[in-house]
Amino acid sequence: MKIPVNTKRDIARELARRYSTMTHDELDVLESILVPMKFAKGEMILREGETCRNIYYLDHGLIRQFYFRNDKELTEHIGCDHSIFMCIESLFREEPTRLQVEALEQSIVWALPKVDLERVALHNVNIQMMYRKILEESLIISQVHADLVRFETAQNRYRRMCKLHPQVVLRAPLVYIANYLQMTPETLSRVRAATLYD
């Protein structure tokens, strides 16, 4: 699969379009702090014990955030093209994370280093607005997932995921989708089969 190559300016514009309007000067400032990164399929973006120092914008690819509990992997988030991810507690407490982030496909990621973002946000109100909107979005995504697994039946969990994240459902391995939805792969297979005949 050929991945289109976006410039720093393209990414700055995309972030501005999604989260806040910006002047040319503010776009210049935002562009100046973006750090391009590439990850191969299966490569770790962040490991347990490292400190998360960036907000990440996933331009192209597929990632999953997971952690270990009682020697079991638990998937907390799966993200694909044009989405934001971070380990929020580690980022703000500046402490080692218990989460890990893995590229499930070849992925192009742009890092927004927190220290640089906060420095430029002090003098640029629209960058400050973008920063706030990104954090709001991250909290909402976490809440939606928490509510999904707390309140919804297995079938409704899968249906909601198909509606909210169709590309993830198409591209992520079923074992990770099942894990994210807190069901066994067997239950997910039954749910998917039932959904086909709805």
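All of these numbers come straight from a predicted model, not from anything done at the bench.

Q: Before we go on, may I ask you to explain the packing of aromatic side chains in this structure?
A: Think of a pair of aromatic rings as described by two things: how far the centres are apart, and how the planes are tilted against each other in angle. Counted by the stated rule, this structure contains 2 aromatic pairs. With centroids separated by 4.9 Å and ring planes inclined at 10 degrees, the aromatic side chains of Tyr-56 and Phe-85 adopt a geometry described as stacked. With Tyr-56 in strand 3 (residues 54–60) and Phe-85 in strand 6 (residues 83–85), the pair connects residues that are 29 residues apart, well separated along the chain. Aromatic pair Phe-66 and Phe-68: ring centres 5.9 Å apart, planes at 75 degrees, arrangement edge-to-face. By relative accessible area, Phe-68 is classed as partly exposed at 39%.

Q: Help me out: how do you make sense of empty space enclosed by the protein in this one?
A: Over the atoms rolls a probe the size of a water molecule, and its path tells where empty space is left. Counted under the stated rule, the structure contains 1 cavity of 30 Å³ or more. Empty space within the largest cavity amounts to approximately 40 Å³. Every residue along the wall of the largest cavity is listed here: Val-144, Leu-148, Arg-160, Met-161, Leu-164, His-165 and Tyr-180. Only helix 5 (125–151) and helix 6 (154–164) provide two or more residues apiece to the lining of the largest cavity. Per-element tally for the lining of the largest cavity: the top contributor is helix 6, with 3 residues.

Q: What's the story with the side chain of Arg-64 in this structure? I'm lost.
A: In this fold, Arg-64 is placed in strand 4 (residues 62–69). Within polar-contact distance, the side chain of Arg-64 engages the side chain of Glu-73 at 2.7 Å. Here the side chain of Arg-64 touches Thr-75 through a polar contact of 3.4 Å, side chain to side chain. When neighbours within four sequence positions are excluded, Arg-64 is seen to be in contact with Glu-73, Thr-75, His-77, Ile-78, Gln-100, Val-101, Glu-102, Leu-104 and Tyr-176.

Q: Got a minute to help me understand helix 4 (residues 114–121) in this structure?
A: Since the α-helix advances by 3.6 residues per turn, residues separated by three or four positions end up pointing in the same direction. Listed as buried for helix 4 are Lys-114, Leu-117, Val-120 and Ala-121. All buried residues of helix 4 project into a common sector of 140 degrees when viewed along the axis, lining one side.

Quick notes on the rules
Residues numbered from 1 in each chain as written. Predicted model: local features only at pLDDT ≥ 70, side-chain atom pairs only at ≥ 80, totals over all residues. Heavy atoms only, no water. Phe/Tyr/Trp six-rings, centres within 6.5 Å; stacked < 30°, edge-to-face > 60°. Helix = DSSP H or I, 4+ residues; strand = E, 2+ residues; numbered from the N terminus. Buried < 20%, exposed > 50% of the residue type's maximum accessible area, 1.4 Å probe, protein only. 1 Å grid on protein atoms, 1.4 Å probe; cavity = no way out; pocket = protein on both sides within 12 Å on 5 of 7 lines; lining within 4 Å. Points joined across faces, edges and corners; volume = space filled by probe spheres on them. Polar contact = N/O pair within 3.5 Å; in protein donor to acceptor, adjacent residues only side chain to side chain. Contact = heavy atoms within 4.5 Å. Arc of directions from axis to C-beta.

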